[in-house]
Amino acid sequence: MTLYPIGTPGEPWGAAEKRAWFKSQSSKRSYADEVLAKLTALDPTFEVMQYGALTLNPDRYPLKAVRMVADAPGAPWALITGGVHGYETSGVQGAIAFLESHASDYRDRVNLVVAPCVSPWGYEVINRW
C-alpha cells in the first residue's frame with residue numbers, strides 16, 4: 001500500500017500539512033484563457049460584472065458573473081452556476097456555451113445571472129478543495 005506523501009495516516013492535518021499540500025498543487029488549465037477571455041468576448045448586450053475575488057490572488061482570480069436583464073417587466077430571475085467543484089469542466093464550459101449560443105433566446109422571459117466559475121483556483125488545479 002502506498003501512503004499519501006503528506007501527513008500521518010489516521011491523524012487530521014494541521015496547518016503545516018495544509019501548507020505542504022497547497023504548495024504541491026499546480027495549474028493544469030487557465031482560468032484567464034478558458035473563462036475570463038470568453039466572458040470578455042460575449043455579446044455586449046450582456047453585462048459582465050465582478051462580484052468578488054479570491055483572497056489567494058485577487059488579480060488572477062476575479063469572480064465574474066454575467067447579467068442579462070429581461071425585456072419583460074416583472075420577469076422572474078434565474079441563476080446559473082458552474083465550477084462549484086473545481087475539477088468539473090462541463091459546468092463551467094456549459095454555462096459559457098449557453099451564454100454564447102442560447103441565453104439571448106430567453107431575454108423576453110427571464111432575468112438571467114450566470115456565474116460560470118465559482119471556484120477558479122479549483123478549476124485551474126482541477127481540485128475540489
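Residues numbered from 1 in each chain as written. Predicted model: local features only at pLDDT ≥ 70, side-chain atom pairs only at ≥ 80, totals over all residues. Heavy atoms only, no water.

K.L.:
Break down the overall build of the chain for me, with residues and values.
P.N.:
Secondary structure assignment for the chain yields four helices and four strands. Along the chain, from the amino end to the carboxyl end, the secondary structure elements read α-α-β-β-β-α-β-α. Since a compact globule built from 129 residues should have a radius of gyration of about 14 Å, the 18 Å found for the chain marks it as more spread out than a globular shape. The buried share among the 129 residues of the chain stands at 33%. A fraction of 73% describes how many contacts in the chain between residues 6 or more apart in sequence connect residues 24 or more apart. Put simply, the chain has 12 plus and 13 minus side-chain charges, and the middle of one group is 6 Å from the middle of the other. (Helix = DSSP H or I, 4+ residues; strand = E, 2+ residues; numbered from the N terminus. Rg over C-alpha atoms; globule rule 2.2 N^0.38 Å. Buried < 20%, exposed > 50% of the residue type's maximum accessible area, 1.4 Å probe, protein only. Contact = heavy atoms within 4.5 Å. Lys, Arg positive; Asp, Glu negative; His and termini not counted. Charge placed at Lys NZ, Arg CZ, Asp CG, Glu CD.)

K.L.:
How would you summarise the environment of T45 if you had to cite specific residues and measurements?
P.N.:
Its place among the elements puts T45 in the loop between α2 (31-40) and β1 (47-53). Judged by its relative accessible area of 47%, T45 is partly exposed. For T45 and S26, which are 19 residues apart along the polypeptide, the C-alpha to C-alpha distance reads 36 Å. Of the polar contacts made by the side chain of T45, one reaches the side chain of R107; its length is 2.9 Å. (Polar contact = N/O pair within 3.5 Å; in protein donor to acceptor, adjacent residues only side chain to side chain.)

K.L.:
Which residues make up the sheet that holds strand β3 (residues 77-81), and what values go with them?
P.N.:
Ordered by their spatial adjacency, four strands build an open sheet running β1-β2-β4-β3, and the pairing between neighbours is mixed. Edge strands, defined here as strands with exactly one partner in the open sheet, are β1 and β3. Neighbour-to-neighbour, the strand axes of the sheet open up by a mean angle of 25°, direction not taken into account. In this structure, β3 lies alongside strand β4 (residues 111-115), joined through five bridges in parallel fashion. Considered in β4, the bridge of L79 is made with V113. Together, β1 and β2 (62-68) form the strand contacts of α2, whose direction differs from that of β2 by roughly 30°. (Pairing = 2+ DSSP bridges. Axes fitted to C-alpha atoms, helices over the stretch in contact; angles between N-to-C directions.)

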